[in-house]
Amino acid sequence: ELTDTCMIRRLKQDVLTDLPVVQHSVVPLEVPLREYRKAENDFLAWLDREAPEMAKSAAKIKGLARVTNLRRLAGRIKIPAVLDWIKGFRDDTGHKLLVGLAHYAVSDALVAGFPARSCTLVDGRVTGDEKHIRFARFNTDPDCALCFANIEAAGTGWSCTATSDAALAELPWRPGDVAQFIGRVAGIGRGVTGRGSHLRYLLAEDTVDADIAKLLQQKSGWAAAAIDGDAEVSDLDLYDQIVGNMKTRRK
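The model shown is predicted, which means the values in this text are computed figures rather than measured ones.

K.L.:
Got a minute to help me understand the overall build of the protein in this structure?
P.N.:
Across its full length, the protein carries 9 helices and 6 strands. The buried share of the protein, reckoned over its 251 residues, is 42%. The long-range fraction of contacts in the protein, counting pairs at least 24 apart against all pairs at least 6 apart in sequence, stands at 75%. Accessible surface computed for the protein: about 13,600 Å², of which carbon and sulfur atoms make up 52%.

What follows is the structure, given as structure tokens:
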């Protein structure tokens, strides 16, 4: 049968025509770069010194591990700037905010920056019924203004009805994780009725943080084009792209 070999894909914006458009904004953060720049230069020196002597696959595996460390460092050095931005957002809008994160050290530091009654945390350390209890508290408790959540942990299994506003304080590797995360506050029965959903990308400028953001945007476009049949799509190597950006910064 035709259905055994074909897929009919209907886009959300075509099916749910009354949904407000999701807005995406980049928020560049000024951060102290001395520690980060040293770490990035050390990585590039390692590439020049040792990677050429290794098999290409082995060099890439070790290189990716080092890039992950840089990603973690970028998250850590922007903690003060993220705290300031969240406080400013709350003062300016009064809206609740869903904040996406990747590493415990960053989420713990952000949670510590606010009174316990004003926020909740959901990550890999929170499981079972407690996870749903914390999401429910964010949805229903007027005093709970902030939900700090691991991007993957918050990406499925619940609907946010307390706010249409979300921010990524750290970025995932996969575009699908971004879509799942913003999907918590965008859709039928999600978000605040009548208010368009808005996702902010809180980026440390001139770091791997901004590099990953650019690649996520590109890869999201390629994924849509591949499925919708709009264009021939060739995948780019994430690691090589990021290393290329680092080398450009060093020049």
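K.L.:
Help me understand empty space enclosed by the protein in this model?
P.N.:
The method is simple in principle: a probe with the dimensions of a water molecule rolls over the atoms, and the space it marks as empty is what remains. Within the structure shown, the criterion is met by 2 cavities of 30 Å³ or more. Its boundaries defined by the atoms lining it, the largest cavity holds a volume of some 40 Å³. The element best represented in the lining of the largest cavity is helix α3 (residues 56–77), accounting for 3 residues. For the lining of the largest cavity, the per-class residue count stands at 3 nonpolar, 2 polar and 4 charged. In this structure, the second largest cavity spans a volume of roughly 30 Å³. As for the second largest cavity, its lining consists of L101, A102, H103, Y104, S107, D123, A149 and N150. When grouped by side-chain class, the residues that make up the lining of the second largest cavity number 4 nonpolar, 3 polar and 1 charged.

About the thresholds
- Residues numbered from 1 in each chain as written.
- Predicted model: local features only at pLDDT ≥ 70, side-chain atom pairs only at ≥ 80, totals over all residues.
- Heavy atoms only, no water.
- Helix = DSSP H or I, 4+ residues; strand = E, 2+ residues; numbered from the N terminus.
- Buried < 20%, exposed > 50% of the residue type's maximum accessible area, 1.4 Å probe, protein only.
- Contact = heavy atoms within 4.5 Å.
- Areas by Shrake-Rupley, 256 points an atom, 1.4 Å probe, with all protein chains shown as cover.
- 1 Å grid on protein atoms, 1.4 Å probe; cavity = no way out; pocket = protein on both sides within 12 Å on 5 of 7 lines; lining within 4 Å.
- Points joined across faces, edges and corners; volume = space filled by probe spheres on them.
- Nonpolar A, V, L, I, M, F, W, Y, C, P; charged D, E, K, R; others polar.

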